[in-house]
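Spelled out from the first residue to the last, the chains are:
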Amino acid sequence: PKLDYFAGMINGKKEDINTDILIIGGGPGGYVAAIHAAKNGRKVVLAERKAMGGTCLNEGCIPTKAIVKSAELFEHIKNADEFGLEVKEARADMNRIIDRKNSIKDTLVSGIEYLMNKNEIRVIKGSASFVDERTVSVKSGRDEYTVEAENIIIATGSTSSTLKIPGIDNEFVMNSTKALDCRDNMDCVTIIGGGVIGMEFAFIYSNLGMKVNVVEYFDRVLTMVDSDVSEEICKIAKQRGIGIHTGSKVTRIGREENGKAVVFFEKDGTERFITSDKVLVATGREPDVQGLELENTGAAANENGRGIAVDSGMRTSVKHIYAIGDVNSRMQLAHVASHEGMVAVDNILGKDAHMDYTAVPNVIFTSPEIANVGLTEDAALREGLNISVSKFPFGA
Ligand code: FAD
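Just so you know, these numbers come straight off a predicted model, no measurement behind them.

1. So, the environment of A353
Thinking step 1. Structurally, the position occupied by A353 is in the loop between α9 (334–348) and β18 (362–364).
Thinking step 2. Residue A353 is classed as buried on the basis of its relative accessible area of 14%.
Thinking step 3. For the pair A353 and M314, spaced 39 residues apart in sequence, the C-alpha separation works out to 9.1 Å.

Take a look at the structure:
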């Protein structure tokens, strides 16, 4: 036994596991699916290579919203006088803002770990890759687990996409994950991309007192909301001093002698530039299939090559393999991933469940926030629907 012990230390542990359902990824798609399956009496194994909770808990929804709260509170305090409150001095401390965000995140991550234990879900910390359509190898350091499963749910999420432009590798360029851990004092930030993530950060930084510029390729920011809503938030952003440059194509990122970043972009045929301390690239997210070795299964990709193709029951082209959440590229929202997980598990349980995306709620945490549900007015008109439009002032 002594010899085996040392052999194990040198070569790593090997274990074969049989299970009803293997879930790859412990984000809001994966962990909700795992709990739903376990509660319905299925034996579940979940493989996660980083922390439980996925992008949403560790570097997405929750951390951004924690910082949104700090930033909004700071903005309120700066305007305290208007409310009849006298505040002598207010200062934003990036270190403590990030610490608070981390402690919220850690509490929620351990909450998910507790739920995994309570529901007797076996969590294997490691990177999963397909050996064949039924077998997945999960590697964790020197240890290797070979999992054979009746059904497999892929819930590997997405990662930030990057821009292929000169200067993108400069150390002052951040993606959203880096930005959420950035403790540096900054006076000014340039954000490339005026989508949801870009605009949420624009208001965070602006509320914290920084000068912000947003450079957007399309002719308006937040192209997923109605044009009048997008115009309204753009107007509010400009009133707050946020520079919005639409119809602008970023061409390169330079570096000044004093170390500042210079973002060059083309607008109306002329080259312009903005100087700042940091640059945040928020140009979208890509389905994460890296290392999965999907080619060892017959699971097909979407026609545009982005993400794994699924039917309305979340089945891939292989009957017992499902793909839920950001990795199927349908709608990149945490609660959508969770619901897709429930649908996949219901189908594994023998029900006939389908996803219905007609009324998905969606909130954008700018200041003020934007809420959507169902079709936008623009989309309804595009579809030739006979609609009537009502507007009511929020203040009233
Ligand atoms: P993820 O949460 O990405 O989880 C996938 C997990 O799989 C990860 O933990 C990853 O480590 C793991 N993994 C990947 N490959 C492997 C492998 N081979 N082996 C083992 N493990 C693997 N959505 C909202 O609804 N509201 C918001 O306010 C919101 N804000 C956001 C803000 C930001 C800055 C970002 C980036 C995203 C935000 N989102 C928001 C989107 C939301 O985070 C995602 O839609 C959601 O996390 C998708 O869940 P998922 O389970 O599909 O994947």
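From this point, the narrative continues.
2. Here's the deal with the sheet that holds strand β12 (residues 248–255)
Thinking step 1. What the three strands build is an open sheet, ordered β12-β13-β14; its pairing is antiparallel. Across the chains shown, the open sheet's two edge strands, defined by having one partner strand only, are β12 and β14 (270–276). Put simply, the sheet's adjacent strands are angled 25° from each other on average, direction ignored.

3. Description of the pattern of salt bridges
Opposite charge on two side chains permits them to pair, given that their charged atoms come into close proximity.
Thinking step 1. Counted by the stated rule, this structure contains 18 salt bridges.
Thinking step 2. The salt bridge involving R272 is made with D268; its shortest N-O contact spans 4.0 Å.
Thinking step 3. Here D268 falls in the exposed class, since its relative accessible area comes to 63%.

4. Brief notes about the sheet that holds strand β9 (residues 188–192)
Thinking step 1. Spatially, the five strands line up as an open sheet ordered β8-β15-β9-β10-β11, and their pairing is parallel. Pairing within the sheet leaves two strands with one partner each, and these edge strands are β8 (173–174) and β11 (243–245).
Thinking step 2. Two elements, strand β10 (residues 211–215) and β11, share three bridges in a ladder whose sense is parallel. Its bridge partner lying in β11, V214 is registered against I244.

5. Regarding the packing of aromatic side chains
Thinking step 1. For the structure shown, the criterion picks out three aromatic pairs.
Thinking step 2. Ring geometry for F201 against Y205: centres 5.7 Å apart, planes inclined by 35°, an arrangement best described as tilted. Taken together, the residues F201 and Y205, both in helix α7 (residues 196–207) and four residues apart, mark about one turn of the helix. Per residue, the accessibility class of F201 equals that of Y205, and both read buried.
Thinking step 3. Between F264 and F273, the ring centres sit 5.9 Å apart and the planes meet at 45°, which makes this aromatic pair tilted.
Thinking step 4. On the accessibility criterion, F264 (14% relative accessible area) is buried.
Thinking step 5. Judged by its relative accessible area of 53%, F273 is exposed.
Thinking step 6. Cation over ring: R252 sits above F264, and NZ or CZ is 3.8 Å from the ring centre.

6. Observations regarding the packing of helix α2 (residues 28–39) against α9
Thinking step 1. Where α2 meets α9, the closest approach of the two axes is 7 Å, and the angle between their N-to-C directions is 35°. Regarding α2 and α9, the two cross each other, and that crossing is right-handed. Across from P28, G29, V32, A33, H36 and A37 in α2, the residues of α9 making contact are A334, A337, S338, G341, M342, V345 and D346.
Thinking step 2. When the residues that make up the contact of α2 with α9 are grouped by side-chain class, the tally is eight nonpolar, four polar and one charged.

Parameters and conventions
- Residues numbered from 1 in each chain as written.
- Predicted model: local features only at pLDDT ≥ 70, side-chain atom pairs only at ≥ 80, totals over all residues.
- Heavy atoms only, no water.
- Helix = DSSP H or I, 4+ residues; strand = E, 2+ residues; numbered from the N terminus.
- Buried < 20%, exposed > 50% of the residue type's maximum accessible area, 1.4 Å probe, protein only.
- Pairing = 2+ DSSP bridges.
- Axes fitted to C-alpha atoms, helices over the stretch in contact; angles between N-to-C directions.
- Salt bridge = Lys/Arg side-chain N within 4 Å of Asp/Glu carboxyl O.
- Phe/Tyr/Trp six-rings, centres within 6.5 Å; stacked < 30°, edge-to-face > 60°.
- Lys NZ or Arg CZ within 6 Å of the ring centre and 35° of its normal.
- Left-handed = near helix turned anticlockwise from the far one by under 90°.
- Contact = heavy atoms within 4.5 Å.
- Nonpolar A, V, L, I, M, F, W, Y, C, P; charged D, E, K, R; others polar.

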